[in-house]
Each structure stands twice: as C-alpha cells, then as structure tokens.
Amino acid sequence: EALVLVGEIGLIMLLLEAGVELDVAQLRETGTRALAIGLTGTILPLLVGMGLGMASGAASGVKSALAVGASFSPTSLGVAASALKSGKMLDTPVGQLIVASCVVDDVLALILLSMFKVLVQDNPPIISYFIPIISSVGFLIVLGGSAVTWLPRFIENKILSKCSDSYRDLAMFSIMTLMLLAYLPLLNYTQASYLTGAFLAGCTFSQIEHAHHTFMEKTHQLMTWLLRVFFAASIGFQVPVKQFGDPFVILWGFILYICVAAKLPLALYVPQFEDVKKGAPYNPFVRDRIITALAMTCRGEFSFIIAAFALGEGLFNAKMYAAIVWAVLISCITSPFMLLNLIKYFNKKQMDYLASTNPIKLTKDGDGTTPLFLHIKVKAPAFGGMQEQFRKIVNELGLEVVERRTNRNGRRFDAVVQTDLYVRDTTMDVTLQKITAQKKIKHALASAVQASCNSHMLSNPSMSFSRGGSIRPSSSNLSQLSLASLEKEEQKALEEAAQDEDLIIKRGDTVEKKIVEALGDDPEVIVDVWNPWPWTDVLDQIGEHYGIGGDISKDNLEIYVAVFDKIDADGGGSIDQEEMYEALIDAGLDITEEGVITLVAMIDEDGNGDIDRDEWRETVEFYLELKYEQAEMQNQQADHAEFMKGLRAKKLRELGVSVGHVPERDVTVVWQETPRR
C-alpha cells in the first residue's frame, strides 16, 4: 500500500508536469484542427473498443465495454514527441500540430477518467453521469482560463518580482504546492478527477517566465524515480502475467489492436502545409498525413491508468485487462518503431531532393547561373491557420519551400511565433561565382573601400561569398564606392557583382512587403541569401576533425595541404571528387558527398573534374582569410556588446537600481542557425 501511495504521488507529479509544459501559443496557432483531431481521436477508439468489448463476451455490459474503449482513447504525448524529436520533426508545422492534438487528447482522457467514478456506482441518477463532465469542463474554463490570462501575471508581478533571486525559486514552488493542495480536493469533491486539478495547477506556471525550465531542472531526478514507482506499483504489480498464456488473451489482444488503428483516419484533418515540389521523390502532404496518423497511435501511461482503474473497480475481469495490456504493449512497441522508420524514410527522400537542389547541379547549360535560394525569417503573433497562410504566400511569390521550421519565444497566449522558411526562388537566377572569381572580387572590393576611406566599410569589406547572410549591406556599400582606382577587369567584376546584389535586394524587398501585407499586425520579416550547399562545409569539417584553428597561420595551412597529399596517394599532384570523398570518409569525417561535389566544382576552373595542389592551397588560403575576418567581426561585436552592457549597468547605478535585480528578460540575445546539410 505504501508503494501504491508513492505511485499515486508520482501520477500527480506527472499531471503537474504536463500542465507546466502546456504551450498555449502552440494551441492557439494550431487552432481548431488540433481540437478536431483530439476529439475525433478520443471518440473513434472509444466506439470501436465498445463494439469489440461487447463482441468478446468478457465485457459484462455497456459500462464495461465503455471502459475497454476508453483504455485506447488517449495518445501518449511523451512517446510521440520523443519520436518526432529524434526524427527532427518536432519543430515543423506538422510536428507542432501533433503535439497540440496530444495535449487535447490528454485533457479529454482526464474527463473520461472522472466519468468512471459515476460508472462504478450502482444505479446512480441520470444527472450523476453529467456532473463529472460539467464539473471538469467548468473548471477547465474557469481555472484554465485564469491560468493562461491574469493569474500567472499576478503571481509573477505581485509576488515573485518582490522576492530576491536566491528565494524566487522557493517562492515559486511554495505557491505551486499550495495551489496543488487546493485544486486536488476541490476537483475531487466536485466529482471531477483530482488529476485534472494537478494539471490545472501546473498550467498556471506554464505562463510564468522561466518556470518551465526551473521546474524541469529541479524535479527531473525526483520525477524519474516517482514515475518508476508509479508504473511498478499502480500498473506493473497488476499485470496478470500468467494470463498471457491464455489463448483468449493473446487473440483478443491482437483484435483490440484495431482500437489503436482506429486513429489512422485522423490523417484526414491534416492541412496541406507544402505543395508537391517539382522533381521531388516524395509528396510532403502525404508524408504529413501518414506521420500524423502513426503518431496519434502511440499509446502510453494514460491507457494503463484507465485500464488499471477499471480493473480495480471491477468493470471487467482479469482476462480482458490482460488482453488490453497486451494490445497497448504491442502499440507501445510498434507505433514508435514504425513512426521513427517512416520519418527516416521521408528524411532520406528529402535529402535526395536537397541534393538535387545543389547549385552546382542547377547551373543552367554551363552559363554560370543558378536559382536564388533565400532564408525568410518571420516573427509574428500566433493565429489560427498561420502555417497554411505561409503556403499561400510562397505560392504567390513563386517560391518553393525546401525546408520549414517553426518556434515560439515563449509559451504564453501572446507569444511570438518565429517561422524559418528555406526556399528556392523559381523566378530568378543569380551568377554562381567560382572561388577564384570570389577571391578577385573580394580583394578588389577591399581596395575600393580603402580608396574611398570609408572606415565603416573597412570593418566589413566582403560580400556574400558563400551566398549566405544579409542581402542588404554589400549593395548599399558598393553604391558609395569609387572604382576609379581599380583596374578595368576588377571594375567590371565588381559592377557585375553589384548588379547581381541589386536584383537580389529588390527581390528580397518584394518578398518582405508581400509577407507583411499578408500577415498584417506588423510582423518582423528578414530575408537573407541562403546556400544549402556552401563550399566551405568540407573545409569546416576537416578543420573540426583535426582541431585546426581559424587563424591564418603557416601551420594551419600546411595541415590542409597534408590532407591533400594524403588523399593524393599516387603523388600525381591532382585529385578528383570521388577520391576526396572516399578518403575523407575513411578518415572518419562526417561529410556529405554533395559537400565534396560543391567544393571540387567551385575550385575546378577548367571543368575537368580534378583539382591540383596549387589550386587547393590557394583555396585554403582564401578560406582561412574569410574565417579570420569572420572571427574578427565577431570579436568586434562582442566587444561592442560588452561595452553597451557596462554602459547600461553604469546608467542603472546612477539611477540607484541594483544591476543584479534587473529581470533577465530585459536582455535579449538573438542568434540564427542555418541547418547543416
């Protein structure tokens, strides 16, 4: 009994954690589709399970059959999210839709659990069947509404803000405990599930700054052991292992798996986030629907909880319980396995498509041009159907989505959603500069900057040589330059590069204006040039593998040259891309064949597919030069940030404000990460 009691505490903590992890902004963004998936995903297995329970003969009546179906209604958020995270799909629009649907599913499971208190009574009045539903829904509206609106702001601004840093966490956990102790009996005595009270107590702190991180950090080890005891005491000890030898249990376990499969039609609710790409080996719409359907079949803790409760209350016998456990166990094994492998399959198809978008392969008929690739970063308040709106926008702009990621800057109702779109522009081509041409343009630009005596431009005398980064500064800088001091060939190269940059900027402005008009509400839009296959990738990997620094030194240069000599085993003085790829893979480097193809093609001036030792040395020198300048710019930015931080602290001290008490959220650090290929 002591273990069961500890297990119950673990269950309460599990629901409290689920509440703390609630992402209201995510629910707002996914809108009615998540609600529809959650509702339908609860009802379909319930109806199928009731029918199979009656057909089995082991269910003694409607109540028993209802308990059978209810055991298969919940979807495990933990199992589904873990599989999506492993497959790098958690931060995609379909991943976010699945997570939101699972949250709705879990809330409905809590309501079902509260109904069983009435089902186990003998001949209760009709109104008794509705009281748990009314109570659960009522408290979800009243307490849940408070938890995502005024209550967290009151706790944060009126209580936690007055606590010193050393006592803030203690104050937060004390308030959480008091709310938990109040909500548990309140919902229990009003015939809702006390577990709903634990969930609602946690919801309040999902809206408080840093509460989620603090809760997970402080309770991780405790939660791990409490859940182990919970599953062992509340579920594991009740599993009738001896019953698994009964043919009835095995047969009906497989039959009841149909209840799990009853969630597959939920795929029909998934909207089309992306269009089918020309030449792509897969259909993203079909991918999203299949992955959603499989993710919603994942079963976990709630299925065992409902089944164990029904067994304890005598709603069905041990044989039926064993069959349900057998079916759920099959789902716990097969659903994540199939989901992970399906994600891997589609990820491979996506990588094959990305390989086909390599600018080297897309160079048109040897004319030196390639389609323009852009990274569009949009920050805007969440609203229902937001991601479907992006599909309409990119179609109207003639853009083809290569990859899309979505994140939020918090879990509050008013959180801002950041959507990163990596797209290929089907309406515009740009010149693909080989490394020799890039080097010539860079040095000509540096000379022109010095001749113009522009100190601001001297700090950034390079253009987007890897075709990545901001599309504005380089062109605005070029317009201020005097090219008279340059040779004719250098002038021509710079003028052509400037024309290319001007066209890119105009296109970026068009994209930005269209998105702002379509979304409204003054969104923040940044359009940058993006290269999915930068030629520097392989050199980055070589440097990382051999621990090479980013400075221009003879030692670093010679290490790269030694790598070339090792690849050139026959001493012929030249290597091709196949030799380079195989040799670097054998050396243990984590590189892609596309990266090697890009590097060799960018170095190879005559197009014979080989690069010689001198070409390699010159390329590495240019690469180290770019890395050094990049490091210098980062140091300058860091020094400036440190200066501004010191200046801010000085001003605050003059005002008599303690620097240590300034809220962390006042300091914002923004960074950008481009997916590596």
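No experiment lies behind these values; they were computed from the predicted model shown. Residue numbers restart at each chain and count upward from 1, following the sequence in its written direction. Note on the predicted model: pLDDT of at least 70 is required for a residue's local features to be given, and 80 or more for side-chain atom pairs to be given and counted; whole-chain, interface and lining totals, by contrast, use all residues. Hydrogens and water are ignored here; the side-chain numbers use all heavy atoms of the structure.

## Thoughts on the overall build of the protein
Summing up its helical and strand segments, the protein has 26 helices and 7 strands in all. Across the 677 residues of the protein, 49% fall into the buried class. All accessible areas in this document rest on Shrake-Rupley with a 1.4 Å probe, and a residue is counted as covered only by the protein chains that are shown. Summed over its atoms, the accessible surface of the protein is roughly 31,700 Å², and 58% of this surface lies on carbon and sulfur atoms. In DSSP terms, a helix is any run of H or I states spanning at least four residues, a strand is any run of E spanning at least two, and both are numbered starting from the N terminus. Relative accessibility decides the category of a residue: with a 1.4 Å probe and only protein chains considered, values under 20% of the type maximum give buried, values over 50% give exposed, and everything between is partly exposed.

## Side note on the packing of aromatic side chains
Ring geometry is summarised as follows: Phe, Tyr and Trp rings, the Trp one being its six-membered ring, pair when their centres sit within 6.5 Å, and such pairs are stacked at plane angles under 30 degrees, edge-to-face over 60 and tilted between the two. Under the criterion given, the structure shown has 11 aromatic pairs. An angle of 90 degrees between the planes, with centres 6.0 Å apart, marks the rings of Phe-254 and Trp-326 as edge-to-face. Of the two residues, Phe-254 is situated in helix α12 (residues 247-261) and Trp-326 in helix α15 (residues 318-356); the sequence distance between them amounts to 72 residues. Its relative accessible area of 24% is what places Trp-326 among the partly exposed residues. Note on Trp-535 and Phe-622: the rings are 6.2 Å apart at their centroids and 10 degrees apart in plane angle, and the pair reads as stacked. Of this pair, Trp-535 sits in the loop between β5 (524-529) and α22 (537-546) while Phe-622 is found in helix α26 (residues 613-654), placing the two residues 87 residues apart along the sequence. Residues Trp-535 and Phe-622 agree in their burial class; the two are buried.

## Comments concerning the pattern of salt bridges
Here, a salt bridge means any Lys or Arg side-chain nitrogen found within 4 Å of an Asp or Glu carboxyl oxygen. Under the criterion given, the structure shown has 18 salt bridges. Measuring nitrogen to oxygen at the nearest pair gives 3.1 Å for the salt bridge that ties Arg-408 to Glu-29. Here Arg-408, found in strand β2 (residues 399-408), pairs with Glu-29, found in helix α2 (residues 24-30); they are 379 residues apart in sequence, far enough to count as distant. In this structure, Arg-408 and Glu-29 share a single accessibility class: buried.

## A word on the confidence of the model for the protein
pLDDT: the predictor's confidence for each residue, scored from 0 to 100. Confidence along the protein averages 81 in pLDDT terms, with 83% of residues attaining 70 or more. When the elements of the protein are averaged for pLDDT, helix α19 (residues 455-458) gives the smallest value, 42, and helix α13 (residues 284-295) the largest, 95. Here residues 472-477 scores under 50 on pLDDT; set against residues more than four positions off or in separate chains, the count is 13 contacts. Note on residues 657-677: pLDDT under 50 across the span, and 32 contacts to partners over four residues away in sequence or across chains. The contact criterion used is simple: two residues touch if any of their non-hydrogen atoms lie within 4.5 Å.

## Comments concerning the packing of helix α5 (residues 77-86) against α15
Here an axis means a line fitted to C-alpha atoms, over the contact stretch when the element is a helix, while the angle between two N-to-C directions is reported on a 0 to 180 degree scale. Where α5 contacts α15, the two axes come as close as 9 Å, and the packing angle between them is 25 degrees. The orientation of α5 relative to α15 falls into the category roughly parallel. As α5 packs across α15, the resulting crossing turns out to be right-handed. In this structure, α5 uses Val-79, Ala-80, Ala-83, Leu-84 and Ser-86 to contact α15, whose residues at the interface are Pro-336, Leu-339, Leu-340 and Ile-343. Just so you know the grouping, Ala, Val, Leu, Ile, Met, Phe, Trp, Tyr, Cys and Pro go in nonpolar, Asp, Glu, Lys and Arg go in charged, and all remaining residues, Gly too, go in polar. In terms of residue class, the contact of α5 with α15 is made up of 8 nonpolar, 1 polar and no charged. In this scheme, roughly parallel covers angles under 35 degrees and roughly antiparallel covers those over 145, while 65 to 115 is roughly perpendicular and the rest are oblique. Two helices that cross are described as forming a left-handed crossing if the nearer one is turned anticlockwise from the farther one by less than a right angle, and a right-handed crossing if clockwise.

## Describing the side chain of Thr-92
Within the secondary structure layout, Thr-92 lies in the loop between α5 and α6 (93-119). By relative accessible area, Thr-92 is classed as buried at 10%. Among residues more than four places away in sequence, those in contact with Thr-92 are Arg-404, Arg-405 and Thr-406.

## Let's talk about the side chain of Thr-30
Residue placement: Thr-30 occurs in helix α2. Within the local environment of Thr-30, its side chain forms a polar contact with the backbone oxygen of Leu-27, the two atoms lying 3.3 Å apart. Identification of polar contacts relies on pairs of N or O atoms within 3.5 Å, with a donor-acceptor requirement for protein atoms, meaning one able to donate a hydrogen and the other able to accept it, and with residues adjacent in sequence counted only if both atoms are side-chain atoms.

## Section: the nonpolar core
Remark: nonpolar core denotes a set of buried residues (Ala, Val, Leu, Ile, Met, Phe, Trp, Tyr, Cys) joined through side-chain atoms within 4.5 Å. Counting 76 residues, the largest nonpolar core has Leu-15, Phe-72, Phe-205, Leu-256 and Ile-324 as the members making the most contacts within it. If sequence neighbours within four positions are ignored, Leu-15 has contacts with Leu-110, Leu-195, Ala-198, Phe-199 and Phe-302. Val-538, Leu-557, Phe-622 and Leu-626 belong to the second-largest nonpolar core, a separate cluster that totals 29 residues.

## Focus on helix α8 (residues 150-159)
Along an α-helix, residues three or four apart share an orientation, since each turn contains 3.6 residues. What α8 keeps buried is the set Leu-151, Pro-152, Ile-155 and Glu-156. In an axial view of α8, the angular spread of the buried residues amounts to 130 degrees, which keeps them on one side of the axis. Among the exposed residues of α8, those oriented more than 90 degrees off its buried face are Trp-150 and Lys-158. Considering only its buried residues, α8 is in contact with α7 (126-147), α9 (165-189) and α10 (194-206). The arc in question is formed by the directions pointing from the helix axis toward the C-beta atoms.

## Re the environment of Ile-343
Relative to the assigned elements, Ile-343 resides in helix α15. Residue Ile-343 is classed as buried on the basis of its relative accessible area, which comes to 1%. Between the C-alpha atom of Ile-343 and that of Met-89, which follows or precedes it by 254 residues, the distance is 8.1 Å. In this view, Ile-343 contacts Ala-83, Leu-84, Gly-87, Met-89 and Ile-291; residues no more than four positions away in its chain are not counted.

## With respect to the pairing of strand β3 (residues 416-431)
Of the pairings in the sheet, the one linking strand β1 (residues 369-381) to β3 comprises 13 bridges and is antiparallel in character. Each residue of the ladder has a partner; that of Pro-371, found in β3, is Asp-429. Here a strand pair is declared whenever DSSP counts at least two bridges between the two strands. The sheet contact formed by β2 and β3 spans 9 bridges and is antiparallel. Residue pairing across strands places Glu-400 opposite Arg-424, the latter belonging to β3.

## A short note on empty space enclosed by the protein
Here a cavity denotes grid points, spaced 1 Å and computed from the protein atoms alone, that fit a 1.4 Å probe unable to get out, and a pocket denotes an open set having protein on both sides within 12 Å along at least 5 of 7 lines; residues with an atom within 4 Å of a point are the lining. Grid points are joined across faces, edges and corners, and a volume is the space filled by probe spheres set on the points. Summed over all chains, the structure comprises 5 cavities of 30 Å³ or more. Its boundaries defined by the atoms lining it, the second largest cavity holds a volume of some 180 Å³. Along the wall of the second largest cavity there are 16 residues; nearest its centre are Met-89, Thr-92, Glu-274, Arg-287 and Gln-350. For the lining of the second largest cavity, the secondary-structure elements that each account for two or more residues are α6, α13, α15 and β2. Per element, the largest residue contribution to the lining of the second largest cavity is 4 residues, and it comes from β2.

## Examining the environment of Gly-202
Structurally, Gly-202 can be placed in helix α10. Classification of Gly-202 as buried rests on a relative accessible area of 0%. In sequence terms Gly-202 and His-212 are 10 residues apart; their C-alpha atoms lie 9.5 Å from each other. Among residues more than four places away in sequence, those in contact with Gly-202 are Leu-16, Gly-19 and Val-20.

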